[in-house]
Amino acid sequence: MGHCEVVVNDKDPDIVARNAILLLLALHFSPDVATPIMLHVWYSALVSANMLRCLQDSILPLLQEVCKKIQAKPAQSLLSKKWTFGTRSLRLVLTKEQWDRLPLYFEVPDGLSMAQAQAIRASTTLAPERKDYLDRALLTQQPAWRVCVMKFRKDGILLPFGSSRKELDTPNP
Amino acid sequence: MHPATKDPHVWEWLHMHAKAVCWFKLVRLIFTFPYIDRTILQYCGKSCQQAHWSIHKGDCKSPLMKITWRPSWVLEAREPAFIGTEESPFVDMVSYGRQKYLWGNVPAIDLLNLQQNEGVDFTEDLRLLFAGTRHSTRLCPLLIPNQPLEI
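The rules behind the values
Residues numbered from 1 in each chain as written. Chains lettered and ligands numbered in written order. Predicted model: local features only at pLDDT ≥ 70, side-chain atom pairs only at ≥ 80, totals over all residues. Heavy atoms only, no water. Disulfide = S-S within 2.5 Å. Buried < 20%, exposed > 50% of the residue type's maximum accessible area, 1.4 Å probe, protein only. Core = buried A, V, L, I, M, F, W, Y, C linked by side-chain atoms within 4.5 Å. Helix = DSSP H or I, 4+ residues; strand = E, 2+ residues; numbered from the N terminus. Contact = heavy atoms within 4.5 Å. Salt bridge = Lys/Arg side-chain N within 4 Å of Asp/Glu carboxyl O. Pairing = 2+ DSSP bridges.

Draft legend 1. Region of interest: the state of the cysteines. Residues and elements named next belong to chain B. The tally for this structure, following the rule as stated, stands at zero disulfides over all chains. The closest cysteine sulfur to the non-disulfide-bonded Cys-44 is located on Cys-48, 3.4 Å from its own sulfur. A relative accessible area of 49% places Cys-44 in the partly exposed class.

Draft legend 2. Here's a closer look at the nonpolar core. Ranked by size, the top nonpolar core spans 37 residues in total, and within it Leu24(A), Leu25(A), Leu55(A), Trp83(A), Trp99(A), Leu102(A) and Phe106(A) carry the most contacts. It is helix H3 (residues 49-69) of chain A that contributes the most residues to this core, nine residues altogether. Excluding its chain neighbours within four sequence positions, the residues that come into contact with Trp99(A) are Leu63(A), Val66(A), Cys67(A), Ile70(A), Leu79(A), Lys81(A), Trp83(A), Leu92(A) and Leu94(A). Listed in part, the ten residues of the second largest apolar core include Leu134(A), Ala144(A), Tyr43(B) and Trp69(B).

Draft legend 3. Quick peek at the pattern of salt bridges. Counted by the stated rule, this structure contains nine salt bridges over all chains. The salt bridge partner of Glu5(A) is Arg127(B), with a shortest N-O separation of 3.2 Å. One end of the pair, Glu5(A), is in strand S1 (residues 4-8); the other, Arg127(B), is in strand S3 (residues 126-130), on a second chain. Two residues, Lys131(A) and Asp135(A), come together in a salt bridge whose shortest N-O distance is 3.4 Å. Here the residue Lys131(A) and the residue Asp135(A) both occupy positions in helix H6 (residues 131-139), the gap between them amounting to four residues, near one helical turn. Among the charged side chains, a network of salt bridges with common partners joins Asp132(A), Glu76(B) and Arg78(B).

Draft legend 4. Broad picture of the pairing of strand S3 (residues 78-85) of chain A. All names here are of chain A. Looking at chain direction, S3 and strand S4 (residues 88-95) are connected through eight bridges and run antiparallel. In the strand pairing of S4, Trp-83 is matched with Leu-90. Once S3 ends, the chain turns through two residues before running back antiparallel as S4, passing Gly-86 with a positive phi of about 65°.

Draft legend 5. Region of the structure containing unusual backbone geometry. Residue and element names in this part refer to chain B. The phi torsion at Ala-77 lies on the positive side, around 50°, for a residue other than glycine. Note on placement: Ala-77 falls in the loop between helix H4 (72-75) and S3. Although it is not a glycine, Asn-113 sits at a positive phi angle of roughly 45°. Mapped onto the fold, Asn-113 is located in the loop between H4 and S3. Classification of Asn-113 as partly exposed rests on a relative accessible area of 27%.

Right under this line is the structure:
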């Protein structure tokens, strides 16, 4: 069996943090547990309280441990941490400043409600400036698909049209 | 007909628990698009369908569901925003929403696609590079085979 090495880079720290969290989820949990959490962390404005708890109880401590060890390092120093999960591993290289920001992605900002989280997302997905572009795309779609597309753009939750959204009650930090 | 279904209690049970679909949508779709998957919303029974109607009717009766739906620029009798004018043929870039490109413009896809490429029994080493930028059209997976690595 061969080795597979994947190197992922991005200049946006939010994207790097998201990629690291998605990979840690995939490596730490079994596929049936990790998959729905990854899906909603990646695409949805809301997650379930259970999902956030999984993230805070299992993934956050991995990052907090690193932050504790590097407290005395200079802010711009590049620091690397490698986690091993059986035959697989993940190595994350960030500046000390970027490491210290990672735990913040696991906290819902104070006062951020579900409606506000969805509105922040909709400010892009339903931007008035882009209405004509969106209408142009909807024009070529089947009627029921238009309703589905608009539902996803409006409520920001990646689920089949008829699925209950009741469990997803926490803003995705 | 099976003798059991002559029993009114059995028939009522069957009726309650048979999958109910949104018939309005189903009828519309049968006559307009005969080859697509028609049911995007199913219920476990009539009572659930009725209970959900006050929420669902907003979607079911949406103008988007009509074959006659037209985009805003047609209804408002104006040029669409993506068409330039004679004075300014090139459409200006407009800033909107949050300046974040969380998903880029390429959906999540299997770039490696071993089944179609090297084959699922491929056992050699693989190295993939996603150099990354803000626009996913510039994501370039770089495949360098045959280099054994320590991970």
